[in-house]
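Spelled out, the chains give:
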Amino acid sequence: MTVLRRAGRGAAIRSGAGLAALTLAVAGCGGSSPSSSAKRGPSTHDQGTTGSAQATTSTTTAPVKPSYPPYPQLLAAGQSTAPARFRPAMRWHGHTAVSVAHRAGGVALLSFNQKLVDLHLHSGTIDAGSSGWKWGPAIVGSERRRLIAAFNGGFRLDTGAGGFMSHGRTALPLRAGLGSIVTYSDGTTDIGRWGSQAPAHGKKVVSVRQNLTPLIDQGRAAGSVGCLVCWGATLGGVSDPARSALGITAAGSLIWAGGEHLTTSQLADDLLAVRVRRAVELDINPEWVNAYLYGHRRGHGPLVPVAVVPGQNGIPGEFLVPWGRDFFTVNGR
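Description of the structure in this document. (Residues numbered from 1 in each chain as written. Predicted model: local features only at pLDDT ≥ 70, side-chain atom pairs only at ≥ 80, totals over all residues. Heavy atoms only, no water.)

Another point: the sheet that holds strand β20 (residues 304-307). With respect to topology, five strands assemble into an open sheet ordered β7-β21-β8-β19-β20, the strand pairing being antiparallel. Either end of the sheet is taken by a strand with one partner, and the two such strands are β7 (117-122) and β20. Put simply, the sheet's adjacent strands are angled 25° from each other on average, direction ignored. Of the strand pairs in this sheet, β7 and strand β21 (residues 327-332) are connected by six bridges, and their pairing is antiparallel. Looking at the pairing, aspartate 118 lines up with asparagine 331 of β21. (Pairing = 2+ DSSP bridges. Helix = DSSP H or I, 4+ residues; strand = E, 2+ residues; numbered from the N terminus. Axes fitted to C-alpha atoms, helices over the stretch in contact; angles between N-to-C directions.)

Take a look at the structure:
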């Protein structure tokens, strides 16, 4: 496999001072409890020739529905890379859309709730080209308003590691047997072996990104995880470069995992530890393993990308300006 050319390094946003200046607020869920008022009015009731009674009528105001911000909310856990189990990191419409966890060894994991988010496959200026794609090489326009996260795609298309298709257009033909990240027109994404586990019968495919054979299948790591050359050419021939992967649990949660120093076996173990059933390895090597959560400054001002992986090298522009490689965004439904 051809060693990938280095991209220019960018500075990942991880400065404590910068995050403090961001002043991102965790907005509470507004609402009110039901209130009632009783009104008494005269009423008559036959009691012979003379008599009167009073009947009580009451009215109750309907509860006011909570009002949520029209933008995703970055929480405190999303701004920390300290070792911790899964904690809510991003909120959308008052519910946890993304949870984040960090292992002591530097591995970061993001868990996406597909009831609240959907996945967009973006082309890059090189892979798969700037023009003609539904989602191009930069996050622009209306997509920014609901942007929750973004992370790297797969290997360079010229390595022959897998296919790329989006909204009816194909950059590289899909191949049977390869691990595939498949998004459907109903907004859901699944992961599986193309031709046998995907696509799902009766569902319209929107996009597919393939990369090698599955890293995890039926809750078991591939038998070749100990083979260095089977999982991509590493810079300098090291066994533990930066690596990343995307998996899915039996409950349908998407799990992204990445770290700056990971063997293929370690990456698979970290995904299996959070009950991933099927997974595809994504890109490897420091310049190309990146994930960000995005702060919305209370809906005012430019987005603020927050690096997820400790020691992450960073993408110049953090996917907000054109980038050479394909990538994924996660957006509020």
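Still more ground to cover, so stick around.
Attention now goes to unusual backbone geometry. Between aspartate 127 and alanine 128 the backbone carries a cis peptide bond, its omega angle lying at 10°. Relative to the elements of secondary structure, alanine 128 occurs in the loop between β7 and β8 (147-152). A cis amide bond links alanine 198 to the next residue, proline 199, at an omega of 0°. Of note, proline 199 is situated in the loop between β12 (189-193) and β13 (205-210). At arginine 298, a position not held by glycine, the phi torsion is positive, near 55°. Here arginine 298 lies in the loop between β19 (291-295) and β20.

Here we take up the packing of aromatic side chains. Using the criterion set out here, one finds seven aromatic pairs in the structure. With a centroid separation of 6.4 Å and an interplanar angle of 45°, the aromatic rings of tyrosine 292 and tyrosine 294 are classed as tilted. For the pair formed by tyrosine 292 and tyrosine 294, the shared burial category is buried. Look at tyrosine 292 and phenylalanine 319: their rings are 5.9 Å apart centre to centre, the planes differ by 85°, and that puts the pair in the edge-to-face class. Of this pair, tyrosine 292 sits in strand β19 while phenylalanine 319 is found in the loop between β20 and β21, placing the two residues 27 residues apart along the sequence. For phenylalanine 319, a relative accessible area of 1% translates into the label buried. (Phe/Tyr/Trp six-rings, centres within 6.5 Å; stacked < 30°, edge-to-face > 60°. Buried < 20%, exposed > 50% of the residue type's maximum accessible area, 1.4 Å probe, protein only.)

Okay, helix α2 (residues 264-272) next. Every buried residue of α2 is listed here: Thr264, Leu267, Ala268, Asp270 and Leu271. Along the axis of α2, the buried positions cluster into a sector of 160°, meaning they face one direction only. Contacts from the buried residues of α2 go to β6 (108-112), β14 (216-217), β15 (220-221), β16 (243-249), β17 (254-259) and β18 (276-284). (Arc of directions from axis to C-beta. Contact = heavy atoms within 4.5 Å.)

Moving on, we come to the pattern of salt bridges. The final tally for this structure, using the stated rule, is nine salt bridges. Residue aspartate 158 pairs with arginine 156 through a salt bridge whose shortest N-O separation is 3.2 Å. Residue aspartate 217 pairs with arginine 193 through a salt bridge whose shortest N-O separation is 3.4 Å. Highlighted residues: aspartate 217 in strand β14 and arginine 193 in strand β12, separated in sequence by 24 residues. A single network of salt bridges, built from pairs that share partners, joins Asp127, Arg156 and Asp158. (Salt bridge = Lys/Arg side-chain N within 4 Å of Asp/Glu carboxyl O.)

Strand order across the open sheet formed by five strands is β10-β9-β13-β11-β12, with antiparallel pairing between neighbours. Looking at the sheet topology across the chains shown, the edges are occupied by β10 (169-172) and β12. The mean angle between the axes of side-by-side strands here comes to 20°, regardless of whether they run parallel or antiparallel.

Attention now goes to the nonpolar core. Counting 39 residues, the largest nonpolar core has Leu110, Phe112, Ile148, Phe151, Leu246, Trp256 and Leu293 as the members making the most contacts within it. Among residues more than four places away in sequence, those in contact with leucine 246 are Leu119, Phe151, Ile181, Ile191, Leu254, Ile255, Trp256, Arg278, Ala279, Val280 and Leu282. (Core = buried A, V, L, I, M, F, W, Y, C linked by side-chain atoms within 4.5 Å.)

Along the chain, glutamate 143 falls in the loop between β7 and β8. The buried charged residue glutamate 143 lacks any salt bridge, with arginine 144 as its nearest oppositely charged partner at 7.7 Å. Separated by 2.6 Å, the side chains of glutamate 143 and threonine 329 make a polar contact. Apart from the residues within four sequence positions on either side, glutamate 143 is in contact with His120, His122, Trp135, Thr329 and Asn331. (Lys, Arg positive; Asp, Glu negative; His and termini not counted. Polar contact = N/O pair within 3.5 Å; in protein donor to acceptor, adjacent residues only side chain to side chain.)

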